[in-house]
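Below, each chain spelled out in residue letters.
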Amino acid sequence: MSAPFATAERIPATVPPELVREVDFDVLTARGDDPWRAVAQLHREPPVVWMTEANFGRPGWVLTRNDVITEAFIDWEHFSSERPGMIADMLGEPVRLNPIEIDPPRHHHYRRVLNPFFTPKAVSHFDEPVRLCCRELIAGFKDRGECEFVDEFAVPFPSYVFLDLMGMPRDRLDDFIGWQDELMRAPDPMKRVAAARAIYAYLKQHMAAQQANPTNDFLRGMVTAEIEGRPIDYYELMGMFYVLYVGGLDTVYSTIGWIVHHIATTPDLQARLRADLSLLPQAIEEFCRAFSVVVTHRQVARDFVFHGVPMKKGDEVNLPIMLANRDPAVHANPHVVDIDRKPRHIAFGTGTHNCVGLHLAKREMRIVLEELLTTFADIRIKPGVTPRYHTGRTFGFDDLPLILD
Ligand code: HEM
């Protein structure tokens, strides 16, 4: 892939030549048959490098170590999240994903609205609906003894959970699953835009109904929120609805895919977890460390020098979280998945924008595994098939054919 950038833009004069890497991040991460080991080649590079194709053909900085990635997450004054919105572009409306595309101090006003509804206790109310979602999806393939796990479980699952979270009726479930699939996987950008707009139209209608008559405390909390002493406005609220949708799609689908792939290829671990489901919370911490699917990004807020490297206002900075969580300086034998290691990881980010949905996500993953492990005595990859995956902003499986006994 060649980038639509002139050489001068791809390698600005301010970038020290010894830090320039004329490689495409996505090509590098897709090398070989293990993207986690492929991306880890960057641990041999300096902590900060400039890639001519760092992000879908765009040039930018790539941070390669746990310490610098963590520092960038925390230092929001230099590494800004205020950025032209991905969804805003597709919608042609000024919807800023809220709070992920907003810097402090404004960020805190929005985050304060969401936080009380995402504590471990608050999200425990979703255990039952999430379990029912799992059972419904598993019922679709249980008797067949096999499934294509991405299509039949990992992709639809986040839509099921979102509808429950947002108090939306199930009658639009099929539409949502279709839109989600198009938004995440359609090769044709126009199809992705059409899906983003269909979701917007539906969220708009749901938002108006909730403003008139909120159906649960969470929705009441959002639609009646006050931001600096005034009622939350239309685009702020829409940004919040929308981020709760997109925040839990790719991330959940991708992480679940890698975890299920791992247990399907490590029968001993699978048997150990099945025999003692109380190990699941610690296993999930390790799975999140080892399969940290997100490459997030920031923009340099003003010219400054970061670890001896001159950065310019507006430079894009990529934070591949998998590089932080597989950094050998922090985690011994980082490519070994060891559920007994109790890792401190940043799979859900850290600092200001750390994931609001992390407790919900961990409970979702625990329930998914409980249901799969108790329903099936043996889960394995379909013989003769090599599951396909993609890298990019998230690392995820395109297909995952399983045999289930
Ligand atoms: C395994 C699943 C998940 C992973 C790996 C994950 C990962 C992340 C990461 C890395 C960030 C920080 C991004 C940044 O700083 O640029 C983040 C933020 C966020 N996530 Fe998640 N996430 C997951 C599930 C969810 C779910 C289920 C929801 C929805 C309920 C959600 C909603 C959000 C929101 C709203 C933010 C922005 C927080 C802020 O800006 O203050 N996430 N997530």
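Our subject in this report is the structure included herewith.

Moving on, we come to the overall build of the protein chain. In terms of helices and strands, the protein chain carries 19 helices and 15 strands. Computed over C-alpha atoms, the radius of gyration of the protein chain comes to 21 Å, within 12% of the 22 Å expected from 2.2 N^0.38 for 405 residues, which places it in the range of a compact globule. Along the longest, intermediate and shortest principal axes, the C-alpha atoms of the protein chain span 60 × 55 × 40 Å. Out of the 405 residues belonging to the protein chain, those deemed buried represent 40%. Within the protein chain, residue pairs in contact and separated by at least 24 positions form 68% of the contacts whose partners lie at least 6 positions apart.

Take the site of the ligand next. Taken together, the neighbourhood of the ligand is formed by 23 residues, with Gly 247, Gly 248, Gly 349, Cys 355 and Gly 357 sitting nearest. If you list the elements that add at least two residues to the shell around the ligand, you get α14 (234-247), α15 (250-265) and α19 (358-375). For the shell around the ligand, the residue count by class is 14 nonpolar, 8 polar and 1 charged.

The subject of this paragraph is the nonpolar core. Ranked by internal contacts, the top residues of the largest apolar core, which has 109 residues, are Leu 63, Ile 69, Phe 157, Tyr 242, Ile 256 and Ile 321. If near-sequence neighbours (up to four positions away) are discounted, Ile 321 is found in contact with Ile 69, Ser 292, Val 294, Val 295, Thr 296, Ile 346 and Ala 347.

Bringing the sheet that holds strand β15 (residues 401-404) into the picture now. In space, the 3 strands of this open sheet follow the order β5-β15-β12, with antiparallel pairing throughout. The sheet terminates laterally at β5 (146-148) and β12 (379-381), the two strands that pair on one side only. The average angle at which neighbouring strand axes cross in this sheet is 30°, direction not considered. In this sheet, β15 lies alongside β12 in antiparallel orientation, the contact comprising 3 bridges. Across the sheet, Arg 380 pairs through a bridge with Ile 403, a residue of β15. On the sheet, α15 packs against β12 and β15 and is oriented at approximately 95° with respect to β12.

What follows is about the pairing of strand β11 (residues 316-320). Strand residues, when the strand is regular, have side chains that alternate between the two faces of the sheet. Taking burial as the measure, the 5 residues of β11 include 4 buried ones, the bulk of the element. Pairing of strand β3 (residues 58-63) with β11, which is carried by 2 bridges, proceeds in the parallel orientation. Each bridged residue has a counterpart across the sheet, and for Trp 61 the counterpart in β11 is Val 317. With 5 bridges connecting them, strand β8 (residues 295-300) and β11 associate as antiparallel partners. Following the sheet pairing, Thr 296 is matched in β11 by Leu 319.

Let us look at the environment of Val 260. Mapped onto the elements of the fold, Val 260 is located in helix α15. By C-beta crowding, Val 260 is classed as buried, having 25 other C-beta atoms within 10 Å. The spacing of Val 260 and Pro 47 is 213 residues in sequence and 32 Å in space, taken between C-alpha atoms. When residues no more than four places from it in sequence are discounted, the contact partners of Val 260 are Phe 149 and Leu 400.

Turning to unusual backbone geometry, a few remarks are in order. A negative phi angle characterises most non-glycine residues, just as the trans form characterises most peptide bonds. Each neighbour pair has its own omega, and for Asn 98 with Pro 99 the value is 20°, a cis peptide bond. Residue Pro 105 is reached from Pro 104 by a cis peptide bond, and omega for that bond is 0°. Along the chain, Pro 105 falls in the loop between α5 (86-91) and α6 (106-114).

This part is about the packing of helix α10 (residues 156-165) against helix α11 (residues 173-185). The N-to-C vectors of α10 and α11 enclose an angle of 130°; their axes lie 9 Å apart at closest approach. Judged by the angle between their axes, α10 and α11 are oblique. Here α10 runs over α11; the crossing is right-handed. Counting all contacts with α10, which are made through Pro 156, Pro 158, Ser 159, Tyr 160 and Leu 163, the residues of α11 involved are Leu 173, Phe 176, Ile 177 and Gln 180. Residue composition of the contact of α10 with α11, by class: 7 nonpolar, 2 polar and no charged.

Rules and cut-offs
- Residues numbered from 1 in each chain as written.
- Predicted model: local features only at pLDDT ≥ 70, side-chain atom pairs only at ≥ 80, totals over all residues.
- Helix = DSSP H or I, 4+ residues; strand = E, 2+ residues; numbered from the N terminus.
- Rg over C-alpha atoms; globule rule 2.2 N^0.38 Å.
- Buried ≥ 20, exposed ≤ 12 C-beta atoms within 10 Å, placed from the backbone.
- Contact = placed C-beta atoms within 7 Å.
- Near = placed C-beta within 6 Å.
- Nonpolar A, V, L, I, M, F, W, Y, C, P; charged D, E, K, R; others polar.
- Core = buried A, V, L, I, M, F, W, Y, C linked by C-beta atoms within 7 Å.
- Pairing = 2+ DSSP bridges.
- Axes fitted to C-alpha atoms, helices over the stretch in contact; angles between N-to-C directions.
- Parallel < 35°, antiparallel > 145°, perpendicular 65-115°, else oblique.
- Left-handed = near helix turned anticlockwise from the far one by under 90°.

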